[in-house]
Amino acid sequence: MEIFDIEEELTKLPHKPGVYIMHDENEAILYVGKAIDLHNRVRQYFRSGHGHNNSPKILRMVSQISYFEYIITASEMEALVLECNLIKEHRPKYNTLMTDDKGYPFIKVTVDEKFPRIMMSHRMSRDKSLYFGPFTDRKAVHDTIALVKKLFSIRNCNRDLNYGPYNERPCLYHQIGQCDSPCSGNISAEDYQKKIENVVSFLNGNTKDISNELKAKMQNYSENMEFEKAAEIRDLLTSIEKISEKQRAENTSSEDRDIIALARNEKDTVISIFFVRDGTLLGRENHHMSTDSSDTDSEIITEFIKQYYMGTPFIPKEILTVTAINEENLITDFLTERKGQKVHITVPQKGEKKGLIKLAEDNANLVLQQDIERIKRLEKRTTGACQEIADIVGLESVSRLEAFDISNISGYHSVASMVVFENGKPKRNAYRKFRLRTVEGPDDYASMKEVLSRRYTDEKIGTFPDVIMMDGGKGQVHVAEMIVDSLGLDIPVCGMVKDDNHRTRGLYYKDEEVEFPPGSEAIHMITALQDETHRFAINYHKQLRSEGQTHSILDDIPGIGASRKKVLLLHFKDVDNIKKASLEELAGIEGMTQKAAEAVYNFFN
């Protein structure tokens, strides 16, 4: 990179809103911020006498800045959205971050269908379905859905029954009494809709009638000495009581609101958020934030609100916080725009709302006291293990690891997997599958050469890892090093070495085997990474084999459908000849366009 003259570049900053990005000498992103005036804001970091740069955290950050870049936006609102997205994507070291980036599931009832279903949904879509939530965790959603289906005999299948039943034999759920089998015409749409009305009432917290009905059934079973059935009803009643306890809120307001408070000590911060929907307390969620001792409560709550509500699909009408936030008007306008109606952020001073804040504060303090050791253990197993890897390969820190594995039988069944761990934990949305194009048979070295070349030249995959982990020893590592060097990349490559009992024992790095010290957390993380890589490759392999013998590698070429596949095979006789064909030969076949010929040629070359 060319020498970046910070003083000169400061003079070029425009007096416009936008986002600024601070980088260190290794081009890593240190901090992402937004400004209504980039010129004034960014210059403050490099000028003494300004309040914000007296913070020890900011001083540390500024000392590491090698260069900065900025993105101009049309408004401060647009800058806020961009800032949140960049922070979520890059997780800069000096931004205050949510350490547990979760999604918040809903319960969805497809009331627009003739025979509605109930299911979990990761987002609230703009359709005609009813949504309940967001719920605090996935287990609660799964448990609630299972209970409701069992209570009301709601169908489990995903068949389209809008045009009538299939007139087939009922499934197992009907045989065990947990589905009325609308697919076989055993219940009318009108009677089924009455069940759905009861489901909706139940999910809204009206459980009294259902509880009374179940108690009567339990009594009847007991009198008839059907004690197993009576015990099942008793367990259902217990579940309903627990759900009711979670749903009932002490307040009677019909407003949707979130209540946010925090607890902190010298090293840790816990944010506690309670969800109240239509006067019903649906649950609570606790989030751990990575903060600095110099961060104020207002700064932490502000960052939490920005990051949290950028990712959750539901925004309440009112947000109660324990302290005033920064940029309140801007953030309120942003949330109002997202929701489509006015959103209020308030700090209660007395009364019922103040009591709710106190409840959230007590909860946050309790979590901080109870979970502090668990948090430390988790950090040791994840970020601590990453630091051990960093020490081995001579890096200051390690965040992203990518591991590769080959699985094959023959032909198109040769596949590879790429598994990604970030901060010591799987990042499943970054996993990738590769079907080998140029290698046939069990040639792992040639296969790995193809996979690595494709991975590290594919701009769509994006972020490069801090360390590449190969499932093997010297040979696999040298193949990877050769590919990395040929591409001009500077990424350490390690081999994950196993002992005679197939247990991970160490790493192969720079032609030497490095054994982990006793009690190492890194060895557990590497074992998990290696096992996950095997699992992912084998599952992909099984998936391909289950697709049947009619599948061809030609099916993987974009733009090549059944008719062109037939034309190619009739002309060239087999796939090997197609692989060897020139672009001119491919384009000269009747029925092949130039674009289709290029797609086939580029796929194999």
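Scroll up to find the structure this text is about.
Just so it is clear, the model here is predicted, and its values are computed rather than measured. (Residues numbered from 1 in each chain as written. Predicted model: local features only at pLDDT ≥ 70, side-chain atom pairs only at ≥ 80, totals over all residues. Heavy atoms only, no water.)

Below, the discussion takes up the sheet that holds strand 2 (residues 29–35). Spatially, 2-1-3 is the arrangement adopted by the 3 strands of the open sheet, whose pairing is antiparallel. Since the sheet does not close on itself, it has two edges, and those belong to strand 2 and strand 3 (67–72), each with one partner. Along the sheet, successive strands turn relative to each other by an average axial angle of 20 degrees, direction set aside. When strand 1 (residues 18–23) meets strand 3, the two strands line up antiparallel, connected through 6 bridges. Looking at strand 3, one finds that Met 22 is bridged to Phe 68. Contacting strand 1, strand 2 and strand 3, helix 4 (residues 76–90) crosses the sheet at an angle of about 165 degrees to strand 2. (Pairing = 2+ DSSP bridges. Helix = DSSP H or I, 4+ residues; strand = E, 2+ residues; numbered from the N terminus. Axes fitted to C-alpha atoms, helices over the stretch in contact; angles between N-to-C directions. Contact = heavy atoms within 4.5 Å.)

In this section: the side chain of Ser 447. The topology assignment puts Ser 447 in helix 14 (residues 444–455). Here Ser 447 falls in the buried class, since its relative accessible area comes to 0%. Sequence-distant contacts of Ser 447, that is, excluding residues within four places in its chain, are made with Ile 406, Leu 436 and Val 439. (Buried < 20%, exposed > 50% of the residue type's maximum accessible area, 1.4 Å probe, protein only.)

Taken N-terminus to C-terminus, the directions of helix 4 and helix 11 (residues 328–339) make an angle of 80 degrees; their axes are 10 Å apart at the nearest point. Accordingly, the angle class assigned to the pair helix 4 and helix 11 is roughly perpendicular. Here Glu 76, Met 77, Leu 80 and Val 81 of helix 4 lie close against helix 11, whose contacting residues are Leu 330, Ile 331, Asp 333, Phe 334 and Glu 337. Taken together, the residues that form the contact of helix 4 with helix 11 break down as 6 nonpolar, no polar and 3 charged. (Parallel < 35°, antiparallel > 145°, perpendicular 65-115°, else oblique. Nonpolar A, V, L, I, M, F, W, Y, C, P; charged D, E, K, R; others polar.)

What follows deals with the sheet that holds strand 7 (residues 130–132). Taken in spatial order, the 3 strands of this open sheet run 6-5-7, and their pairing is antiparallel. Strand pairing shows two members of the sheet lacking a second neighbour, strand 6 (118–121) and strand 7, which therefore form its edges. Going across the sheet, the axis of each strand differs from the next one's by a mean of 30 degrees, ignoring polarity. Across 3 bridges, the pairing between strand 5 (residues 106–109) and strand 7 is antiparallel. Opposite Val 109, over in strand 7, you have Leu 130 as the bridge partner.

Across the two faces of strand 17 (residues 467–470) the burial is the same, with Val 467 and Met 469 and Ile 468 and Met 470 all buried. Here 3 bridges tie strand 17 to strand 18 (residues 493–498), and the two strands are oriented parallel to one another. In the sheet register, Met 470 faces strand 18, and the bridge partner there is Gly 495. Since strand 17 and strand 18 lie parallel, the crossover through helix 15 (residues 474–486) that links them has a hand, and here it is right-handed. (Right-handed = clockwise from strand over helix to strand, strands pointing away.)

A few words on the packing of helix 14 against helix 15. Contact pair helix 14 / helix 15: the axes reach a minimum separation of 9 Å and the direction vectors enclose 35 degrees. You can see that helix 14 and helix 15 cross each other, and the crossing is right-handed. Contact residues: helix 14 offers Asp 444, Tyr 445, Met 448, Lys 449, Leu 452 and Ser 453, while helix 15 offers Gly 475, Gln 476, Val 479, Ala 480, Met 482 and Ile 483. (Left-handed = near helix turned anticlockwise from the far one by under 90°.)

Attention now goes to unusual backbone geometry. Look at Ser 153: it is not a glycine, yet its phi comes out positive at around 55 degrees. Relative to the helices and strands, Ser 153 is located in the loop between helix 5 (138–152) and helix 6 (172–175). The phi dihedral of Asp 511 is positive, around 65 degrees, even though this residue is not glycine. Positionally, Asp 511 belongs in the loop between strand 19 (504–509) and strand 20 (512–515). Taking relative accessible area as the criterion, Asp 511 reaches 52% and is therefore assigned exposed.

What follows concerns helix 7 (residues 189–203). For an α-helix, 3.6 residues make a turn, and residues three or four places apart therefore share a direction. Taking 1.5 Å of rise per residue, the 15 residues of helix 7 would be expected to cover 21 Å, and the 21 Å separating its terminal C-alpha atoms lies within 8% of that figure. Residues Ala 189, Tyr 192, Ile 196, Val 199, Val 200, Phe 202 and Leu 203 constitute the buried set of helix 7. The arc that holds every buried residue of helix 7, seen down its axis, measures 160 degrees, which confines them to one face. Opposite the buried face of helix 7, at more than 90 degrees from it, the exposed residues are Glu 190, Lys 194 and Glu 197. (Expected span 1.5 Å × (residues − 1). Arc of directions from axis to C-beta.)

Bringing helix 4 into the picture now. With 15 residues, helix 4 should reach 21 Å at 1.5 Å per residue; the first-to-last C-alpha distance of 21 Å fits that figure. By the burial criterion, the buried members of helix 4 are Met 77, Ala 79, Leu 80, Glu 83, Cys 84, Leu 86 and Ile 87. In the stretch just after helix 4, Arg 91 is the one whose phi turns positive, near 45 degrees.

With that settled, consider the nonpolar core. With 27 residues, the main nonpolar core has Ile 118, Phe 152, Phe 202 and Leu 203 as its most contacted residues. Elements that contribute at least two residues to this core include exactly strand 5, helix 5, helix 7, helix 8 (208–223) and helix 9 (227–247). Here the element with the most residues in this core is helix 7; it accounts for 7 residues. Sequence-distant contacts of Ile 118, that is, excluding residues within four places in its chain, are made with Ile 107, Lys 108, Val 109, Ile 145, Val 148, Lys 149, Ile 154, Val 199 and Leu 203. (Core = buried A, V, L, I, M, F, W, Y, C linked by side-chain atoms within 4.5 Å.)

Overall, the coordinates contain 13 aromatic pairs when judged by the stated rule. Aromatic side chains Phe 115 and Tyr 192 sit 5.4 Å apart centroid to centroid with 75 degrees between the ring planes, which places their arrangement in the edge-to-face category. Of this pair, Phe 115 sits in the loop between strand 5 and strand 6 while Tyr 192 sits in helix 7, placing them 77 residues apart in sequence. Geometrically, the ring pair formed by Phe 304 and Tyr 308 is stacked, given 5.4 Å between the ring centres and 10 degrees between the ring planes. Remark: Tyr 308 and Phe 304 occur in helix 10 (residues 297–311); sequence separation between them is 4 residues, near one turn of the helix. Each member of the pair, Phe 304 as well as Tyr 308, carries the same accessibility label: buried. Linked through ring pairs, Phe 4, Phe 46, Tyr 67 and Phe 68 together constitute an aromatic cluster. (Phe/Tyr/Trp six-rings, centres within 6.5 Å; stacked < 30°, edge-to-face > 60°.)

Keep in mind these values describe shape, not function.
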